[in-house]
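Structural features, examined
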Amino acid sequence: MAPELSQEFDHPTFRLAVAQFDEAAHLMHLDPNLWERLKAPHRSLCVSVPIRLDNGDIKVYRGYRVQHDMSRGPTKGGIRYHPEVCLGEVAALAMWMTWKTALAGVPYGGAKGGVTVNPAMLSPAELERLTRRYIAEISPILGPDKDIPAPDIGTTPQVMAWVMDTYSQQVGYSVPGIVTGKPLAIGGSLGREEATGRGVADITLETLRQDNRSITDATVVIQGFGNVGSHTARLLHQRGARIVAVSDQQGGLYNPEGLDIPAIFAHCTQEKTPVPSLTGFGDRIFNEDLLTLPCQVLIPAAVSEQITEKNAPALSCQYLIEAANGPTTLSADAILQDRGILTVPDILANAGGVIVSYFEWVQDAQRFSWKESDIHARLHEIMTSAFQRMLARSKEKRVSMRMAALMTGIEEVAQAHQCRGLYP
Ligand code: NAD
């Protein structure tokens, strides 16, 4: 029987992560003692983050860092700045990082961090003070061999640069390996900024290929046009896909003939124009309607729990590639499986970010930079071979690709725990 859920983390996203874990643990007959150990995070820290606003007032934000499992190496995971961040959501994201890093074969455990804030409401100076104080508060549990943050929703390479500088100021020397996703000038890696989107694009091509379909015949819908969504759109467009709809938090644009992605990319990423306020590219569309548009490939690349039992029966795609973390609820998963929609799960589809973060950390340790073509080639190799292994396992065991991926990740972690034993 599945062990109890830890109440302090109770939140819909944590319940989703745990329900997925329970299902995989049950299928693989996981040792009940380990099942219980892995069901709650190893360590979690909640901090107050007081900052002085530009008008002189002091405002206190809530910050979190959760380290789910560290049996395979230092923990690794992004920092999210979003108004709905809470301990339970961060814990769920940390758990998914554990399985993702194990599945990708990178020597890390899973972590995640976040601050409950809307970064768009802060000035650049306030954002810098918030980042520096948050990092100072969680720094006792950070370190290049302890826990290494990276970007996630609402955080950028500039935020990562402040993370690197704050930690380095505290220890008294420069520590590039404390964070990944930072600018090139301070030890960032070529190819990191687009890595998650590049991995999603690789997986999309591989998914179509195994069904003998060509990318040039494919229609694609993408929800979320931030770091992950915009690079996914750009790279799939480059390879010949017809991207018929994209969106951000404020809504989207739809053009069945295909959107002019290079122009939209330039407006949204350089001029920071919201997607629905662009004119002349297509019709405006609400995010809810975008998800049910007819297409071959649907790519959610925004927030969690977007595909639910309410809209799953109306999805009109053949493939769902989860670029976001946790975009599909458990009941929606079952509906999509019944409907024959192939879902490539988040821990596989969006692993490109943590894989190239690992390359960045290795380059920082080596004090040596790799060529961009080597980074793309190594990323492609890891992503496509993981996809093939998961597809083969799902067919052999007659389980979904999500279960195949989770079982593979959990097995790796279980082996590490078995070798290390229980201290003391
Ligand atoms: P981002 O902040 O750069 O972009 C997020 C995008 O989603 C923005 O376009 C935003 O407007 C949109 N959005 C936010 N709320 C929305 C809503 N309710 N409906 C529709 N759109 C909404 O973040 P990102 O780094 O691109 O992350 C996107 C997803 O990918 C997240 O789930 C994140 O955890 C996951 N992810 C990111 C990375 C990475 O390297 N950045 C790696 C793996 C997974």
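Since we're looking at a predicted model, the values are computed, not measured.

1. Let's talk about the site of the ligand
The environment of the ligand is made up of 23 residues, and the closest members are D152, T196, N227, A302 and N325. A distance of 2.9 Å is found between an oxygen atom of the ligand and a backbone nitrogen or oxygen belonging to V228. Protein chains bury 85% of the 830 Å² of accessible surface belonging to the ligand in isolation. Of the residues contributing to the shell around the ligand, the split by class is nine nonpolar, ten polar and four charged. Residue contributions to the shell around the ligand reach at least three from each of two domains, namely domain 1 (42–176) and domain 2 (195–349).

2. Structural notes on the domain arrangement of the protein chain
What the domain assignment reports for the protein chain is domain 1 (42–176) and domain 2 (195–349). Placing the centre of domain 1 and that of domain 2 at their C-alpha centroids yields a distance of 27 Å. Counting from both sides, the interface comprises nine residues of domain 1 and, opposite them, seven residues of domain 2. Both faces considered, domain 1 and domain 2 share a buried interface measuring about 710 Å² in area, 62% of it formed by carbon and sulfur atoms. On the domain 1 side of the interface with domain 2, the three residues burying the most area are W96, K100 and L103, jointly 57% of the side's total. Summed over the shared surface of domain 1 and domain 2, the number is zero salt bridges. Scanning the region where domain 1 abuts domain 2 turns up one residue pair in polar contact (both at pLDDT 80 or more). Of all the elements, helix α3 (residues 87–104) adds the most residues to the side of domain 1 that touches domain 2, at five residues. Of the residues in the side of domain 1 that touches domain 2, the class split is five nonpolar, one polar and three charged.

3. Description of the packing of helix α6 (residues 195–209) against helix α13 (residues 372–397)
Packing of α6 against α13 brings their axes to within 9 Å, and their N-to-C directions diverge by 45 degrees. Judged on the interaxial angle alone, α13 and α6 are oblique. Taken as a pair, α6 and α13 cross one another with a handedness that is right-handed. Contacts between α6 and α13 involve A195, R198, G199, D202, I203, E206 and T207 from the first element and H376, L379, H380, M383, T384, F387 and Q388 from the second. Looking at the contact of α6 with α13, its residues break down into five nonpolar, six polar and three charged.

4. With respect to the sheet that holds strand β10 (residues 297–300)
The mixed open sheet is built from seven strands, whose spatial order is β9-β8-β7-β6-β10-β11-β12. At either margin of the open sheet sits one strand with a lone partner, and together these are β9 (283–285) and β12 (342–344). Strand-to-strand twist across the sheet, computed as the mean angle between neighbouring axes with direction ignored, equals 20 degrees.

5. Quick word on helix α12 (residues 352–366)
Between the first and last C-alpha of α12 there are 21 Å, a value that for 15 residues agrees with the 21 Å anticipated at 1.5 Å per step. In terms of burial, α12 is largely enclosed, as twelve of its 15 residues are buried. All of the buried residues along α12 are G352, G353, V354, I355, V356, S357, F359, E360, W361, V362, Q363 and D364. For α12, the secondary structure elements touched by its buried residues are β3 (75–82), α3, β5 (147–151), α6 and α13. Following α12 by one or two positions, R367 has its phi on the positive side, about 55 degrees.

Conventions we followed
- Residues numbered from 1 in each chain as written.
- Predicted model: local features only at pLDDT ≥ 70, side-chain atom pairs only at ≥ 80, totals over all residues.
- Heavy atoms only, no water.
- Near = heavy atom within 4 Å.
- Polar contact = N/O pair within 3.5 Å; in protein donor to acceptor, adjacent residues only side chain to side chain.
- Areas by Shrake-Rupley, 256 points an atom, 1.4 Å probe, with all protein chains shown as cover.
- Nonpolar A, V, L, I, M, F, W, Y, C, P; charged D, E, K, R; others polar.
- Domains from an automatic or database assignment.
- Contact = heavy atoms within 4.5 Å.
- Buried area = accessible area lost by both parts, 1.4 Å probe.
- Salt bridge = Lys/Arg side-chain N within 4 Å of Asp/Glu carboxyl O.
- Helix = DSSP H or I, 4+ residues; strand = E, 2+ residues; numbered from the N terminus.
- Axes fitted to C-alpha atoms, helices over the stretch in contact; angles between N-to-C directions.
- Parallel < 35°, antiparallel > 145°, perpendicular 65-115°, else oblique.
- Left-handed = near helix turned anticlockwise from the far one by under 90°.
- Pairing = 2+ DSSP bridges.
- Expected span 1.5 Å × (residues − 1).
- Buried < 20%, exposed > 50% of the residue type's maximum accessible area, 1.4 Å probe, protein only.

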